[in-house]
Structures are given as structure tokens and as C-alpha cells.
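Overview (structure and organization)
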Amino acid sequence: MRDHLDQILEISTPIFGEPFEGFLAFIYLAYWHAGLYVVIEGWQELELVDEKIDTLLSSENVDLLRRYRNGVFHFQKDYFDTRFFELYEAREKAVNWIRQLNDEFHRFFLEWARKEANIPSEKPWEEVALERMKRRGRPLGRPDSD
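Below you will find a few notes about this structure. All chains use their own residue numbering, which begins from 1 and follows the written sequence. Residue-level local features of this predicted model are given only where pLDDT is at least 70; pairs of side-chain atoms are given and counted only at 80 or more, and the full residue set underlies all totals for whole chains, interfaces and linings. Derived side-chain values reflect all non-hydrogen atoms in the structure, with water molecules and hydrogen atoms excluded from consideration.

**As for the overall build of the chain**
Under the DSSP-based scheme used, a helix requires at least four consecutive residues in state H or I and a strand at least two consecutive residues in state E, with every element numbered from the N terminus. What the chain contains, in helices and strands, is seven helices and zero strands. For the chain, the N- to C-terminal ordering of α and β elements is α-α-α-α-α-α-α. Here the open area of atoms and residues is found with the Shrake-Rupley method and a 1.4 Å probe, where only the protein chains shown may cover a residue. Element-wise, carbon and sulfur atoms account for 54% of the exposed surface of the chain, whose accessible area totals about 10000 Å².

If you want it as C-alpha cells, here you go:
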């Protein structure tokens, strides 16, 4: 979804009233940004620790993202609720911060998963997953029936 969003952003911007691509970009941004706050909630509730992530979470953008998430995931009478625009008004700071936070969560959880699954860091994750699925005799792309 994020890759598709980046492709759309090359040709349009997520502003209401624009062509379909702009609206689609807004939907992707809304889902990604709101979902990122859910990860922040889990991080805080589980009391996980990582210096880079914890530094990013000391930002005032966390509250903007929380309000944005509430606007996205809860019914709003006003389709143009101000919580959507507060985050975008902080545009440059917020956009870079969101991407950095997303990248750091990705790094942290990938390192954790590699450690838990005993996967060497030099071996591509996807390659290991395919090997394990083949060894277990499970067709690719189908969930376990256990």
C-alpha cells in the first residue's frame, strides 16, 4: 500500500476535490497514518524500548497522530473534520517524522522477528519464509488449516 501511495504521490497530491488519484492518495494516507498510531499504542502499552523510536515518540506529532486516528477510525458527522487537517497543517515536520517512525518500527520488528525465528541477518526474509513453507509442504499464499 505504501509503495502504491508513493507512486500516486508522484502524479498527484492528496487534496479533496482533485482527480481520483488525489482522493485515492488521501485514503491511503488516512489508513497508513491512523494505523501507525495503533502501533504507537501497542508500543506504549507493552512498554517496549528502543532509543531511536522512543526519541521519535517524544514528539508533539504523537498527539496530532492520535487525534487523526480518532478522526479516521471513528464516525464523523463532518466529513471534513479538523483532525484530518491538523496533521497536514504540520505537513513538512509531520510527514518526515511519520516516515522516520514507520522506518524505525520496521527496523525494530524485523530485527525482533529475525531473532525470534533464528534467521541470519544476511539472508533475505522472503527467501527464508518461502523455504520454510516449502519444507512444511504448504502451498504458497494459502493459510494454515491447523
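**Considerations on the pattern of salt bridges**
Any carboxyl oxygen of Asp or Glu within 4 Å of a side-chain nitrogen of Lys or Arg constitutes a salt bridge here. One pass over the structure, following the stated rule, counts five salt bridges. Residue Glu-104 is joined to Arg-107 by a salt bridge in which the shortest nitrogen-to-oxygen separation is 2.5 Å. Taken together, the residues span about one helical turn, with Glu-104 and Arg-107 both in helix 6 (residues 91-117) at a distance of three residues. Residue burial is assigned from relative accessible area. The probe radius is 1.4 Å, only protein chains are included, and a residue is buried under 20% of its type maximum, exposed over 50%, and partly exposed in between. Taking the relative accessible area as the measure of exposure, Glu-104 reaches 18% and is therefore buried. Taken together, the shared-partner salt bridges in this structure form one network comprising Asp-50, Glu-104, Arg-107 and Glu-111.

**Quick notes on the packing of aromatic side chains**
Pairing of aromatic side chains here covers Phe, Tyr and the six-membered ring of Trp, requires ring centres within 6.5 Å, and sorts the geometry by plane angle: under 30 degrees stacked, over 60 edge-to-face, intermediate tilted. By the definition in use, this model includes six aromatic pairs. When the ring of Tyr-31 is compared with that of Phe-73, the centres are 6.2 Å apart and the planes differ by 75°; the resulting orientation is edge-to-face. Of the two residues, Tyr-31 sits in helix 2 (residues 20-46) while Phe-73 sits in helix 4 (residues 61-73), which places them 42 residues apart along the sequence. Taking the relative accessible area as the measure of exposure, Phe-73 reaches 38% and is therefore partly exposed. One aromatic cluster in this structure is built from Trp-43, Phe-105, Phe-108 and Phe-109.

**Concerning the nonpolar core**
Nine residue types can take part in a nonpolar core, namely buried Ala, Val, Leu, Ile, Met, Phe, Trp, Tyr and Cys, and a core is a set of them joined through side-chain atoms within 4.5 Å. Ranked by internal contacts, the top residues of the largest apolar core, which has 22 residues, are Ile-40, Leu-65, Trp-97 and Leu-101. Contributing elements (two or more residues each) for this core: helix 2, helix 3 (51-56), helix 4 and helix 6. For this core, the element with the most residues is helix 2, which contributes eight residues.

**Describing the environment of Thr-55**
Its location among the elements puts Thr-55 in helix 3. Sequence separation between Thr-55 and Leu-101 is 46 residues; the distance between their C-alpha atoms is 9.6 Å.

**What to know about the side chain of Arg-69**
In this structure, Arg-69 sits in helix 4. Here Arg-69 is in contact with Ala-34, Tyr-37, Val-38, Glu-41 and His-74, once residues within four sequence places are set aside. Two residues form a contact once any of their heavy atoms are found within 4.5 Å.

**Some words on unusual backbone geometry**
The backbone of Glu-47 shows a phi angle near 55°, a positive value even though the residue is not glycine. Looking at the secondary structure, you find Glu-47 in the loop between helix 2 and helix 3. By relative accessible area, Glu-47 is classed as exposed at 66%.

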